[in-house]
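A closer look at the structure
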Amino acid sequence: MTTYILGISAFYHDSAACLVADGQIVAAAQEERFSRKKGDDRFPEKAVEYCLAEAGITGSQLFAVAYYDKPVLTFSRLLQSYLETPWISFKSFRVSLPLWLNQKLHIPAVISKNIPGFEGEMFFSRHHESHAASSFFCSPFEEAAIVVVDGVGEWACTSIGKGMGNRIEMLREVHFPHSLGLFYSAMTQYLGFKVNFDEYKVMGLAPYGTPKYVNLILDNILDLKSDGSCALNLKYFDFVHGLSMINDQLCTVTEHAVRKPESELDQFHMDFAASVQAITTEAMLRLARTAKDLTGAANLCLAGGVALNCVANGVIHREHLFEEIYIQPAAGDAGGAVGAALQVWYEALENKRTASKDAMNGAYLGPAIQTDSAGTYLNAMNQPYIEVDQALLPKQIAGWLAEGLIVGLCQGRMEFGPRALGARSVLGDPRDAKNQTRINLKIKYRESFRPFAPAVLEDHSQDFFEMDAPSPYMLMVVPIRQDRRLNEEQNLKETGFAKLKVVRSEVPAITHVDYSVRLQTTTSERNGCFWQIIKEFHNLTGCPMIVNTSFNLRGEPIVCDHIDAYHCFSMSDMDVLVLENFVVTKPGLELNYPEGSLKEMPKSEG
């Protein structure tokens, strides 16, 4: 009989569920994709429902539910913080206490209430152990060093461990409040972005600046130790006792006010972002060295929200401290659901583990597009569409991209984690310099400074990029090769956002202002139809990559189903929408189809 274990992460941010059957990941999804509330932290009711449906089971058939955190330990940390400064902490205490008393301290009751029929066992993993398990147990390694860095778990903010076979041993921890993740989030707030949502904007802004404030930060705000741990000067932070990450005293050190959201970004903000990123990269590098010294392992696994910092990951890779690096694609809290479930299977139930391949299956673990439902919906919307032969679709899409069209692609199972990897993606031609601005401003409605990622044929990656390893989950930033760069002198002369006007390479739409890219490498085995599109684009143009960015509008979660995708398509300047093999175009756009590629003509009855 199959042993089903459901992993759950919830009640902090980005709640999710993951179903494991006899140690194999069957399904995983974030609640935000169904609820359409970005970063939804509520119990993942819809995600659980989907996971059970994907396996064709009910709650009564679950052997166990594993929660990714120990709430009592977390509550003890909060209680201690409140008791240390009761007057200062009262406002924060008053806000958080009802949620703790009604939900977080009663997780077993919440689970029983929300999973009808469930009568199995319940397990609770420590937060950082869930992260560690999500990376190591999914990795192809029999043995590896593990580094977990995030805001905070129960007490741990940074952890180093070692994975061996079906066991994980945690070796060292840095405890709250001295958190690299909370430092990065606090600086995100200082720069006028949203905490827990916009940290990647700081990373994207950094290359426009010079890290001239590194010493100021290290001398006053964060003490970075030689082993990668850090100590925060708490006089500048409010998160320990209050509802804000920072306080006004931070501005006395930087001599600049907190940036108001949506206000203009100037050179100071760019330089400060560059400084924050430089310190974070150095801290992560030191932690990786410490992990190497402590474990002697040949390989490294990374997890926790800071493991989504692709710049730091790329630097660790280029230092060649380890033979291989595996990063959990859902490195944030959502991935804790995966880790908690696998930890029960391997450590609690003591099942043997044979590591041979990446257990995340390309992160394609979410619901698939249902063409019958999509067709019915499009007809109901009185929307004309074309059905294209599936076998010919990749060549068709490649042709549209080469013509300069922007394509929204919604096919196969949805990705798990924050990255769109070709199942819920917006695609474009990387050779067209205008596409960076066009996709940012007219399709995603987001800041013009933010770069786009290339999805490249893995066996052609080194033709363009200084990268000697796969990067399947778009989690490493790497340099573009010197011989592919253009206009370096002009780019050096320009400052700030003026750099956006410089054509910096043969593929300008994906080349950031510092000649870096956030790389996704693709293979036929892992990426299927998405890989075929890139292959056809290469055949047609000689360029082995396309622009790949997430299929969503600003502030919204990535689309889940055909309804979300059609809404996003309708609200943007996107040219073509592909729902599995149904093609929708904007009014007035005529597409060319080769003979034999159409299965049916438009079904709309007008």
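Anyway, here's the lowdown on the structure attached to this text. (Residues numbered from 1 in each chain as written. Predicted model: local features only at pLDDT ≥ 70, side-chain atom pairs only at ≥ 80, totals over all residues. Heavy atoms only, no water.)

Here we take up the sheet that holds strand β1 (residues 4–9). One open sheet holds the five strands; their spatial order is β3-β2-β1-β4-β5, and the pairing between them is mixed. Of all strands in the sheet, those with a lone pairing partner are β3 (24–30) and β5 (121–124), marking the two edges. Here the average twist between neighbouring strands, direction ignored, is 20°. Sheet analysis places strand β2 (residues 16–21) next to β3, joined by six bridges and oriented antiparallel. Counted as the bridge partner of L19 is A27 from β3. Across the sheet, helix α5 (residues 107–114) lies against β4 (64–67) and β5, angled at about 135° from β5, the strand it touches most. (Pairing = 2+ DSSP bridges. Helix = DSSP H or I, 4+ residues; strand = E, 2+ residues; numbered from the N terminus. Axes fitted to C-alpha atoms, helices over the stretch in contact; angles between N-to-C directions. Contact = heavy atoms within 4.5 Å.)

Right, let's talk about the sheet that holds strand β6 (residues 143–149) for a bit. Taken in spatial order, the five strands line up as β8-β7-β6-β11-β12 in an open sheet, and their pairing is mixed. At either end of the open sheet lies a strand with only one pairing partner, and these are β8 (167–175) and β12 (324–327). Taken pair by pair, the neighbouring strands of this sheet meet at an average axis angle of 20°, ignoring direction. Bridge analysis of strand β11 (residues 299–303) against β12 gives four bridges, and the strand direction is parallel. Bridging from a neighbouring strand, C301 pairs with Y326 of β12.

Another aspect to go through is the packing of helix α7 (residues 180–190) against helix α11 (residues 267–295). Interaxial distance between α7 and α11 falls to 11 Å at its minimum, and their mutual angle equals 175°. Here α7 lies roughly antiparallel to α11, going by the angle between them. When α7 is examined against α11, the residues L180, F183, Y184, M187 and Y190 are found in contact with a partner set consisting of F268, F272, V276, Q277, I279, T280, A283 and M284. Of the residues belonging to the contact of α7 with α11, the class tally is eleven nonpolar, two polar and no charged. (Parallel < 35°, antiparallel > 145°, perpendicular 65-115°, else oblique. Nonpolar A, V, L, I, M, F, W, Y, C, P; charged D, E, K, R; others polar.)

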